[in-house]
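Okay, here's what each chain looks like letter by letter:
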Amino acid sequence: MSTILVTGGTGYLGSHMLTELVRQGYDTLCVDNLHNSSPAVLDAVRTITGKAIPFIKADAADTAVMDKLFSSRRIDAVIHFAGHKAVGESVAHPLMYYRNNYDSALTMLEMCLKYGSALVFSSSATVYGVPHFLPLTEEHPLSAVNPYGRTKLYIEETIRDVSAAHPDFNVSILRYFNPVGAHESGLIGENPNGIPNNLMPFVCQTAAGIRKELHVFGNDYDTPDGTGVRDFIHVTDLIAGHIAALKKLETRPGCIIHNLGTGQGTSVLEMVRRFEEINGVRVPYRIVERRPGDVASCYADPSKARRELGWEAQKGLDDMVRDSWLWQQHSMAR
Ligand code: UFG
């Protein structure tokens, strides 16, 4: 049985990851500094899985604490989610982003090399910058258009350097497209602080009456209905991609890179309409100016992950909008 350390384990993706790791029979450890999340999330994970997750409240960048943790027990792999992730905030506070995201990645890389652990790194489709072609393959040129994106890109480059110097280091870089949805229990999900930046939490809060209307950022893009097109992927599919990557790392492949997306582009208005239809609710919206920095379309070619990891997204838009709404209702009832 393997032991997996999940950093950022009380966050949106981390909590789903821990839940699935337990279900699959892994031993888990959770590290989180609770900067943007609550330890109560682990109670929900325990309710779903029937298992208490060992929790270390610490910053993943803290070398002394991490060294103590890694030396106290064998950690077979680290899944490193911890990090700041809001594009707008990264533009306002670049140093906070570089310091936090880079420091924790460096510490995890040091620990993995010192203790012989494998690493799964949360990257993002943001490293493709403005798409030159679609769908995006892993070979698409890399660039970043904001400090958040640059943290992902620089960490990826650092991993490639480390990997070149240490060919026996096993590391998986996963580039996520747009994760949405929630665990089918409705007990864990995305819990953004303040006004949500991302589409799905905003749609949910508008349907719930917390926000008056959704602002749709532009309807004059070169897309079928003029609104932005994205590759939304159900969080449980995304997490299944991590399990597939962990299994691949056991075969000692060195450094591997995969897109995690469905390959399906969905426009903002298509998403809103499907949300209304499936959930029987209204989502009032208004078309406003484009949001600076947005691209018209972004969707994955997921065939490399299918070929090499044997992974493919299973859930469709209906599951995504249904589970997102279920989570919104549960979180309001608490
Ligand atoms: N959108 C709206 N109104 C909103 C929020 C979003 O119309 O209130 C639109 C956007 O303009 C875009 C689409 O919905 O067309 C998706 O926007 P999100 O903010 O949900 O997601 P992004 O594609 O902009 O960014 C996400 C993550 C980033 C990550 C990127 C990778 O937030 O962290 O995917 O492609 F880098």
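You'll find the structure just up there.
Since this is a predicted model, take the numbers as computed values, not measurements.

Enquirer: Report on the sheet that holds strand β9 (residues 229-230), specifying residues and quantitative values.
Expert: Sheet architecture is open: 3 strands sit in the order β12-β9-β14, paired in mixed fashion. Each having just a single partner strand, β12 (266-267) and β14 (297-298) make up the two edges of the open sheet.

Enquirer: Account for the side chain of Asn146, naming residues and giving values.
Expert: Locating Asn146 in the fold gives a position in the loop between β5 (118-124) and α6 (147-165). Other than its neighbours up to four places away in sequence, Asn146 contacts Val87, Ser90 and Val91.

Enquirer: Give a detailed account of the environment of Ile4, specifying residues and quantitative values.
Expert: With respect to the element layout, Ile4 can be found in strand β1 (residues 3-7). With a relative accessible area of 2%, Ile4 lands in the buried category. Residues Ile4 and Asp43, spaced 39 residues apart in sequence, show a C-alpha to C-alpha distance of 19 Å. Those residues in contact with Ile4 that lie beyond four places of it in its chain are Leu21, Tyr26, Asp27, Thr28, Leu29, Ala77, Ile79 and Leu246.

Enquirer: Please give an account of the pairing of strand β11 (residues 255-260) that cites residues and values.
Expert: Most of β11 is tucked away: 5 of the 6 residues are buried. The pairing of strand β6 (residues 171-176) with β11 spans 6 bridges and is classified as parallel. Its bridge partner lying in β11, Arg175 is registered against Asn259.

Enquirer: Tell me about the packing of aromatic side chains, residues and numbers included.
Expert: Under the counting rule described, the total for this entry stands at 4 aromatic pairs. Centroid distance Phe275 to Trp325: 5.8 Å. Interplanar angle 75 degrees. Geometry classified as edge-to-face. You can see Phe275 sitting in helix α9 (residues 268-279) and its partner Trp325 sitting in helix α11 (residues 317-333), a full 50 residues away along the chain. An identical accessibility class is assigned to Phe275 and Trp325; each is buried.

So, how was this worked out
Each chain has its residues counted from 1, following the order in which its sequence is written. Predicted model: local features are reported for residues with pLDDT of at least 70 only, side-chain atom pairs are reported and counted for 80 or more only, and whole-chain, interface and lining totals are derived from all residues. Calculation of side-chain values draws on the structure's entire complement of heavy atoms; hydrogens and water are dropped beforehand. Here, a strand pair is defined by DSSP locating no fewer than two bridges between the strands. Working definition: helices are DSSP H or I runs of at least four residues, strands are E runs of at least two. Numbering for both runs from the N terminus. Contact criterion: two residues are considered in contact whenever any of their non-hydrogen atoms come within 4.5 Å of each other. Exposure classes here rest on a 1.4 Å probe applied to the protein chains alone. A residue is buried below 20% of its type maximum, exposed above 50%, and partly exposed in between. Each Phe, Tyr or Trp ring (for Trp, its six-membered ring) is paired with any other whose centre lies within 6.5 Å, and the angle between the two planes then decides the class: stacked below 30 degrees, edge-to-face above 60, tilted in between.

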